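# Structural features, examined
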Amino acid sequence: MPLSKLNKEQYRAATAPMGHNLIIASAGTGKTSTIVARIAHLLNSGIKANKILLLTFTNKAASEMIERLGRYFDSSTISQITAGTFHSVSNLLLKTLDKGVILKQPSELKTLLKSITDRRQFHRISDIKGYSGAYLYDIYSLFCNSCVNDESFVDWFSLNYPDQAEFAEIYDDILREFEETKANFNYADFNDLLIKMKNELKKGARIYFDEILVDEYQDTNSLQGSLIDAFNTKSLFCVGDFDQSIYAFNGANIGIIGSFKDRYLDSNIFSLNINYRSSAKILALANRVISNNPRLYPKSLEVERQGEFKPPILLTYDELFIQYSSVAQLILDSRYNKNDIAIIFRNNSSADGLEIALKELGISCKRKGGISFFESREIKALIDLVAILVNPRDIMAFIHILEYAKGVGNAHAKELFDIISSAGHGSIIKGLRNPDKNSVKLSTKKHNYQLGLFDDFSEFIPSNRFCDLGFDDEFMASPILNYSNLNQNGAIFLYELRNLILNLDKNSSSNEIINTIIKSKIYNIIVDILATKRATLKSGNIDNELKHNAMERIISKANVLLEISNRHNNIDNFYNFLTLGKSEMSQGEGVNLLTIHASKGLEFNLVFVVDLAQGRFPNSKLMSDIEEERRLFYVAVTRAKDELVLSYAKYDKIRKVEYQPSCFLVEAGMAKPSI
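Residues numbered from 1 in each chain as written. Predicted model: local features only at pLDDT ≥ 70, side-chain atom pairs only at ≥ 80, totals over all residues. Heavy atoms only, no water.

### Some points on the pattern of salt bridges
Worth spelling out the cut-off: Salt bridge, as used here: a side-chain nitrogen of Lys or Arg that lies within 4 Å of a carboxyl oxygen of Asp or Glu. Exposure is judged per residue with a 1.4 Å probe applied to protein chains only, and the accessible area is read against the type maximum: over 50% gives exposed, under 20% gives buried, and values in between give partly exposed.
Applying the stated criterion across every chain, the model contains 39 salt bridges. Of the charged contacts, one joins arginine 616 and aspartate 611 as a salt bridge, the two residues approaching to 3.0 Å between their closest N and O atoms. Taken as a pair, arginine 616 and aspartate 611 share a single burial class, namely buried. A cluster of three or more residues bridged by salt bridges with shared partners is formed by Arg119, Arg120, Asp173, Arg176, Glu177 and Glu180.

### Structural notes on the packing of helix H18 (residues 395–402) against helix H19 (residues 410–423)
Which entries qualify depends on this criterion: Every angle, taken between N-to-C directions, lies between 0 and 180 degrees, and every axis is a line fitted to C-alpha atoms, over only the stretch in contact when it is a helix. The helix count covers DSSP runs of H or I at least four residues long, the strand count covers runs of E at least two residues long, and both are numbered beginning at the N terminus. For this classification, under 35 degrees means roughly parallel, over 145 means roughly antiparallel, 65 to 115 means roughly perpendicular, and everything else is oblique. In a left-handed crossing the near helix is turned counterclockwise from the far helix by less than a right angle, and in a right-handed crossing that turn is clockwise. Only heavy atoms matter for contacts: two residues are in contact if any of them lie within 4.5 Å across the pair. Polarity classes work like this: nonpolar for Ala, Val, Leu, Ile, Met, Phe, Trp, Tyr, Cys and Pro, charged for Asp, Glu, Lys and Arg, and polar for all others, with Gly in that last group.
Between H18 and H19, whose axes approach to 9 Å, the crossing angle comes to 130 degrees. Between H18 and H19, the angle is such that the two are oblique. The handedness of the crossing between H18 and H19 comes out as right-handed. Across from Ile395, Phe398, Ile399 and Leu402 in H18, the residues of H19 making contact are Asn410, Ala413, Lys414, Leu416, Phe417 and Ile420. Residue classes in the contact of H18 with H19 are distributed as eight nonpolar, one polar and one charged.

### Description of the side chain of asparagine 7
Going by this rule: We call two N or O atoms a polar contact when they sit within 3.5 Å, provided that within protein one can donate a hydrogen and the other can accept it, with sequence-adjacent residues counted only if both atoms are side-chain atoms.
Mapped onto the fold, asparagine 7 is located in the segment before helix H1 (8–14). Looking at asparagine 7, the relative accessible area reads 13%, which means it is buried. Within the structure, asparagine 7 has its side chain in polar contact with the backbone nitrogen of glutamate 9 (distance 3.0 Å). Sequence-distant contacts of asparagine 7, defined by excluding residues within four places in its chain, comprise Ile274 and Tyr276.

### Section: the confidence of the model for the protein
Reading predicted coordinates in detail is not appropriate for stretches of low pLDDT. Where we set the bar: pLDDT is a residue-level measure of predictor confidence that goes from 0 to 100.
Of all residues in the protein, 94% attain a pLDDT of 70 or more, and the chain-wide mean is 88. Confidence drops under pLDDT 50 across residues 444–457; counting only partners more than four residues distant or on other chains, this segment forms 23 contacts. Contacts of residues 583–587 to residues separated by more than four positions or lying in other chains number nine contacts, the stretch itself having pLDDT below 50.

### Let's talk about the packing of helix H10 (residues 190–202) against helix H11 (residues 222–230)
Following both chains from N to C, one finds H10 and H11 inclined at 25 degrees, their axes separated by 9 Å at the closest point. The orientation of H10 relative to H11 falls into the category roughly parallel. H11 is crossed by H10, and the crossing has left-handed handedness. Along the contact surface, H10 presents Asn191, Leu194, Ile195, Met197, Lys198 and Leu201, while H11 presents Leu223, Gln224, Ser226, Leu227 and Ala230. Class assignment for the residues of the contact of H10 with H11 results in seven nonpolar, three polar and one charged.

### Focus: the sheet that holds strand E11 (residues 313–317)
Worth spelling out the cut-off: Between any two strands, pairing holds if DSSP finds at least two bridges.
Judged by pairing direction, the sheet is parallel, and its six strands sit side by side in the order E11-E16-E15-E12-E14-E13 without closing on themselves. Edge strands, defined here as strands with exactly one partner in the open sheet, are E11 and strand E13 (365–368). The sheet shows a mean angle of 20 degrees between the axes of neighbouring strands, taken without regard to direction. Sheet analysis places strand E12 (residues 341–345) next to strand E14 (residues 591–595), joined by four bridges and oriented parallel. Across the sheet, the residue bridging to phenylalanine 345 is threonine 595, located in E14.

### So, the sheet that holds strand E1 (residues 20–25)
Spatial ordering of the open sheet is given by E3-E2-E6-E7-E1-E8, a layout of six strands whose pairing is parallel. Of all strands in the sheet, those with a lone pairing partner are strand E3 (82–85) and strand E8 (268–272), marking the two edges. Going across the sheet, the axis of each strand differs from the next one's by a mean of 15 degrees, ignoring polarity. Its contacts with the sheet place helix H2 (residues 31–44) against E1, strand E2 (52–56), strand E6 (211–214), strand E7 (236–240) and E8, and it is angled at close to 170 degrees to E6. Set on the sheet, helix H3 (residues 59–69) makes contact with E2 and E3; between it and E3 the angle comes to about 150 degrees.

### Thoughts on the pairing of E2
Counting buried positions along E2 gives five out of five residues, so the element sits mostly inside the fold. Residues of E2 alternate between two faces, with Ile52, Leu54 and Thr56 on one and Leu53 and Leu55 on the opposite face, all of them buried. When E2 meets E6, the two strands line up parallel, connected through four bridges. Note on E6: the bridge partner recorded for isoleucine 52 is glutamate 211.

### What about the packing of aromatic side chains?
Defined as follows: Note on aromatic contacts: the rings of Phe and Tyr and the six-membered ring of Trp form a pair at centre separations within 6.5 Å, being stacked when their planes are under 30 degrees apart, edge-to-face when over 60 apart, and tilted otherwise.
Evaluation of the coordinates by the stated rule reveals 30 aromatic pairs. Ring centres of phenylalanine 475 and tyrosine 495 lie 5.1 Å apart, and the angle between their planes is 55 degrees; on these two criteria the pair is classed as tilted. Of the two residues, phenylalanine 475 sits in helix H21 (residues 473–476) while tyrosine 495 sits in helix H22 (residues 488–503), which places them 20 residues apart along the sequence. This pair shows no difference in class: phenylalanine 475 is buried, exactly as tyrosine 495 is. Feature note: the residues Tyr131, Tyr135, Tyr140, Phe143, Phe153, Trp156, Phe157, Tyr161, Phe167 and Tyr171 constitute an aromatic cluster, connected by ring pairs.

Put into structure tokens, the structure is as follows:
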């Protein structure tokens, strides 16, 4: 049975008297085994399976626990346990009350709210632009998750969004109409499931569980906490770890686990302190750092694993890319299977250099918690511009680049390619540099495209419609400007593409070619389009500071490619490296490249935690407070089972920034404080 495999701490917790029990389950201490054993204990004690409720944060976690129970109990018993996420359980229980709803995705309800919001004319009362329906939906969702008392939306909104406070009552009225419309059609989103379930319970719904078990209790938000309270069960079994609360940005309220003993005066607090994952020296390092956070509940981790393990090491490098190359070399020489190795980072920018460094040594990797370097749009655009130089017949590279020309769709891009290619006798390069006007046939006749009459490219229109755009005489004479479907944006875009082509020499070094592309007007147009899109708020407004930051990140990515190009003199070889990188990095095997949030719950034999420099980790831009950043560090290092390697670089030559070691390295006793 599950209880026979428990240690003393786990057994005490799993067999605790029914009541309000909080189990502090530190990293690697067997929380899942304890929850499974608790349910087994309840069943063995005569509690009926249909009176047990298990709440988890993923359906996968619930399924795993039920599957484990299935090894010891027959399926007819296990199937009666109510288990799943807060939302799936609420949806199920509402149906049993004949209060079922039509569940709609947020995207669908945003459309509904937009239809209501768009009828309001904010400009008549203020010069300030009102929020879009989609953005208002997200704000309202945050309100529903964080405010569970009697605070009004108007008061909450005015406090949190003072620049829009004059519209607070209008938004409140819009949301009233939104709620009435949803009720009329019986629509609900995920928040509504919890709110409706809570309201039904408060009205006296005949639903009762002898015990409710909650996994990852530290991640509950205020709405989820209020739902647990509304069930009014006499027995709670909550399992979590305040030191692993890292989802404040997503609404998690650490105060819920922190106030457990104050809210339930009869509560019992248990601690699982025996760690089965990490070596003693790794755990000692984690404990030294996390002990600098306030201790909400006492705990002291002990190590179960015996044997000789390497102590954690700190590697210091003079420059960022030297760090990444060295880490890749260490992984290449490692005795561990590549799938058992993880590189964990706080910033996605760290993964870009690491991904390339691994690729250069032929090491496969899989990236979780961010977009692959090779799949980011700014790098794809750079590669496509290189592709046109390497292969002047590359129609797909040309079409991909023309996606950034406003008003030029794929069909028109194909026709533009045909015209330019024809003018260059099969070469885009020649067609842009020295077009042969006599090789292009443009007609003045109309075509019946339905009948397939496309003997010529398109209707002829004189190029003088572009005479005010400042093009030089040579480009004004190009037959491409006679294409009838070419608009001004497309003409400007092609002009800048041609200017780039004129400045490129295939015989130049890879570094010179990449540098020329990055500094070109056409790439800057692409950068501006991407940065603008990433800085456009859901309200429709463009945040200039966000745009500036987005542009910095894009250029930083491009400069990563520029730095790597130094190692490939021949542009053909470099292009092969880039294109192979795109396919090989997405195969799903090899070294794990993980953000800290994506690493939670996982474990690896060898773990690298990189870029532990002050300002990067803790992250001065992303952090809400130093305590959460310290919890992030704790989660990162406790993923390691056998070996832990910490590293940072003193200098980033791309950003031209010098770094000191992270305060967490100082707290760990691995580095001296900066003077």
